[in-house]
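Each chain is listed here by its residues.
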Amino acid sequence: MSESDSPGLNTMQSSVLDVLAKPAGWEPLPDEVLERVRSGFLEGLKALEPLLREDDPVYVSKHKISSVLSCEKQFVNSQGSFQWTTANSKGQVAHKAIELLINWRGSFTPMDLAESAIDRLSDASAGPGSIGEFLAAMSPAEFAELKAQVVDFVTKFIECFPPIKREWQPVVESATSFNYLGRALVLSGKTDLMLGQPGSKVIIDFKTGNISPVHRDDLRFYSLIELLRSNRPPRLVASYSLSAARPDPEPVNESTLRVASMRAIDGITRILELTRRERKADVTPGVQCRWCHLAQDCEVGQAWLNRSDDDFDA
Ligand code: SF4
């Protein structure tokens, strides 16, 4: 990936290319650094082995880690209550549309891609709780609403992102995982877009809204999984806000991997303790109270939501 690869780009596309380009003289992290991070993480997992059972596996994703670190009570309450909606299916459908765009032969419009993505993911026989079943059962109004949102996503992607070349080895919605003690513990993720060769990959997550600090934590978690499963972490991770046309890149180094490792161990420890009912969930107020289903009956959450402006001045 370099600027000379794609002349005639607009400013937004050029800035993406600048960010993604491999710096001259870039070298992968030394093996001893990778081994230090890897062995530190595995030591943390070793201490959790009494809570791991092969016949009752625990699955850990970036969402679960963020959720349990935000408020344990909300995390516990949210387990098993997920339902597909047009709002939360938008990302998966949009990523499917990007996958089609990258591999499409011939001309297309964003509308073609959005319709094809919804069609290909719709599957009435996919089973209860699946996105396929939800999409297949959408009303005409829900279909129109979802399609409009995906068209917006795809249009912005085409506008902001340089045309993706075959030699960049693009992979969309790539599932990745690391299993521990057989499959007693499974760390998993799905990257929106991965570019480049093993050992110097770039992982990109697309955001329809603004970028927040937790997005960096999510991408660091992906880097950690890549290190654990292949011993070759990515070279760079980046969130890309399509609404703001702004990338938030972070080169992967020993510090980012160590932070990811410590945060993951903290999150996994809490998930296991709560899943195995070793202790009661703590309550931690914050922005998550705004969309928490428990907020109405949660004293701590109510106090946070109703805090006066004076509280900010203290
Ligand atoms: S309202 Fe806030 S503090 Fe209370 S459970 Fe929900 S997220 Fe936690």
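None of the values given here were measured: they were computed from a predicted structure. (Residues numbered from 1 in each chain as written. Predicted model: local features only at pLDDT ≥ 70, side-chain atom pairs only at ≥ 80, totals over all residues. Heavy atoms only, no water.)

**Q** Help me out: how do you make sense of the layout of surface pockets in this one?
**A** Over the atoms rolls a probe the size of a water molecule, and in doing so it shows where empty space is left. Counted as a void, the largest pocket has a volume near 2100 Å³. Among the elements of the structure, β1 (58-60), α3 (62-70), α4 (72-78), α5 (86-103), β3 (185-195), β4 (202-207) and α9 (213-230) are those that each provide at least two residues to the lining of the largest pocket. Residues belonging to the lining of the largest pocket are distributed by class as follows: twelve nonpolar, 23 polar and nine charged. Viewed by domain, the lining of the largest pocket spans two of them, domain 1 (28-79 + 167-275) and domain 2 (86-164), each represented by three or more residues. Of the pockets and cavities examined, the second largest pocket occupies roughly 190 Å³. Lining the second largest pocket are P57, V58, Y59, K64, F75, V76, Q79, I271, L274, T275 and R277. Listed by contribution, the elements that provide at least two residues to the lining of the second largest pocket are β1, α4 and α10 (254-275). (1 Å grid on protein atoms, 1.4 Å probe; cavity = no way out; pocket = protein on both sides within 12 Å on 5 of 7 lines; lining within 4 Å. Points joined across faces, edges and corners; volume = space filled by probe spheres on them. Helix = DSSP H or I, 4+ residues; strand = E, 2+ residues; numbered from the N terminus. Nonpolar A, V, L, I, M, F, W, Y, C, P; charged D, E, K, R; others polar. Domains from an automatic or database assignment.)

**Q** Even after reading the chapter, I still don't get the site of the ligand, so can you show me in this structure?
**A** Neighbouring residues of the ligand: C71, Q74, V283, T284, P285, Q288, C289, C292, L294, A295, C298 and G301. Judged by the proximity of its atoms to the pocket grid, the ligand belongs to the largest cavity. Partitioned by chemical class, the residues of the shell around the ligand number eight nonpolar, four polar and no charged. (Near = heavy atom within 4 Å. Sits in = over half its atoms within 2 Å of the grid points.)

**Q** How should the packing of α5 against helix α8 (residues 140-160) be read in this particular structure?
**A** Helices that pack against each other are described as a pair by the angle of their axes relative to one another and the distance between those axes. The contact between α5 and α8 brings their axes to 9 Å, and the two run at 50°. Compared by their axis directions, α5 and α8 come out oblique. The hand of the α5/α8 crossing is right-handed. Where α5 abuts α8, its residues T86, S89, K90, V93, A94, H95, A97, I98 and L101 lie against E142, E145, L146, Q149, V150, F153, V154, F157 and I158. Tallied by class, the residues present in the contact of α5 with α8 amount to eleven nonpolar, four polar and three charged. (Axes fitted to C-alpha atoms, helices over the stretch in contact; angles between N-to-C directions. Parallel < 35°, antiparallel > 145°, perpendicular 65-115°, else oblique. Left-handed = near helix turned anticlockwise from the far one by under 90°. Contact = heavy atoms within 4.5 Å.)

**Q** How do you make sense of the domain arrangement of the chain when you look at a structure like this?
**A** Its domain assignment divides the chain into domain 1 (28-79 + 167-275) and domain 2 (86-164). Computed from C-alpha atoms alone, the centre-to-centre distance between domain 1 and domain 2 is 26 Å. Tallying the contact residues gives 14 residues for domain 1 and 13 residues for domain 2. When the area that domain 1 buries against domain 2 is broken down by residue, the three leading residues are V172, F206 and L242, summing to 39%. At the junction of domain 1 and domain 2, the tally comes to zero salt bridges. At the boundary of domain 1 with domain 2, the tally comes to two residue pairs in polar contact (both at pLDDT 80 or more). Only β2 (171-180), β3 and β4 provide two or more residues apiece to the side of domain 1 that touches domain 2. The element best represented in the side of domain 1 that touches domain 2 is β3, accounting for three residues. (Buried area = accessible area lost by both parts, 1.4 Å probe. Salt bridge = Lys/Arg side-chain N within 4 Å of Asp/Glu carboxyl O. Polar contact = N/O pair within 3.5 Å; in protein donor to acceptor, adjacent residues only side chain to side chain.)

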